[in-house]
Amino acid sequence: VDSKYDIERAVKTLHLTDHENTLSRFEQEVKIMMRLQSPNIVTVFESFVEDERLYIVMEKCSGSLDTWSKMHGQMPIKMAVNVLISMLKGLEVAHRKGVVHRDIKPHNVLVADDGTVKVADFGLALLYLSPESLTKTGALLGSLAFMSPEQRLNPSDVTPATDLYSA
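The structure displayed is predicted, hence computed values, not measured ones.

Engineer: Please explain the sheet that holds strand β6 (residues 109–111) as it appears in this structure.
Structural biologist: Backbone-to-backbone hydrogen bonds pair the strands of a sheet. The strands run either parallel or antiparallel. Taken in spatial order, the three strands of this open sheet run β4-β6-β7, and their pairing is antiparallel. For this open sheet the edge positions go to β4 (63–64) and β7 (117–119), each flanked by a neighbour on one side alone. Sheet contacts for helix α3 (residues 77–96): β6 and β7; angle to β7, the most-contacted strand, approximately 40°.

Structural data, given as structure tokens:
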């Protein structure tokens with residue numbers, strides 16, 4: 001609970017393993033999420049490093065599509081279409097800012113308390129319009145079951161079509 005504003009927040013924590021690389025990825029994720037303002041992208045409020053841990057403070061959501069499907073089974077078609085449209089609205093904002101998520105999967109699509117669908121976890125995102133990328137050549141990043149064929153072949157040579165395939 002954010003005691004200053006009396007609001008529940010979610011906190012993502014990461015351990016600093018490979019200190020320099022983990023910190024760079026963390027800073028990139030926060031930078032990306034802070035600049036992606038959309039009702040369909042999880043809002044990040046703050047980030048900090050303390051005691052060899054990285055913290056991202058963000059809006060709290062009720063659960064994920066993964067959790068929903070485990071509880072309720074197959075999603076009705078009308079609901080699935082509405083969820084997909086909401087995901088695509090969030091991804092459109094990211095793509096217009098030059099960001100490819102690269103890890104769209106049910107775990108990374110959250111549902112807010114009011115039912116709003118939100119894309120989350122930009123930890124593997126690629127700034128595809130930028131020469132600065134943290135992806136090492138040949139490094140396979142993402143979730144294989146949801147990954148586009150071009151992402152499997154070359155994770156650093158992807159476009160917004162990669163996220164559309166996964167969605």
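Engineer: Can you help me understand the sheet that holds strand β3 (residues 53–59) in this one?
Structural biologist: Strand order in the open sheet made by the three strands is β1-β3-β2, with antiparallel pairing throughout. A strand with exactly one partner marks an edge of an open sheet, and here the two such strands are β1 (9–15) and β2 (44–50). Going from strand to strand, the sheet's axes swing by 20° on average, the running direction of each strand aside. Bridge count between β1 and β3: seven bridges; the pairing is antiparallel. When the sheet's bridge partners are listed, arginine 9 is paired in β3 with glutamate 59.

Definitions and cut-offs
Residues numbered from 1 in each chain as written. Predicted model: local features only at pLDDT ≥ 70, side-chain atom pairs only at ≥ 80, totals over all residues. Heavy atoms only, no water. Pairing = 2+ DSSP bridges. Helix = DSSP H or I, 4+ residues; strand = E, 2+ residues; numbered from the N terminus. Contact = heavy atoms within 4.5 Å. Axes fitted to C-alpha atoms, helices over the stretch in contact; angles between N-to-C directions.

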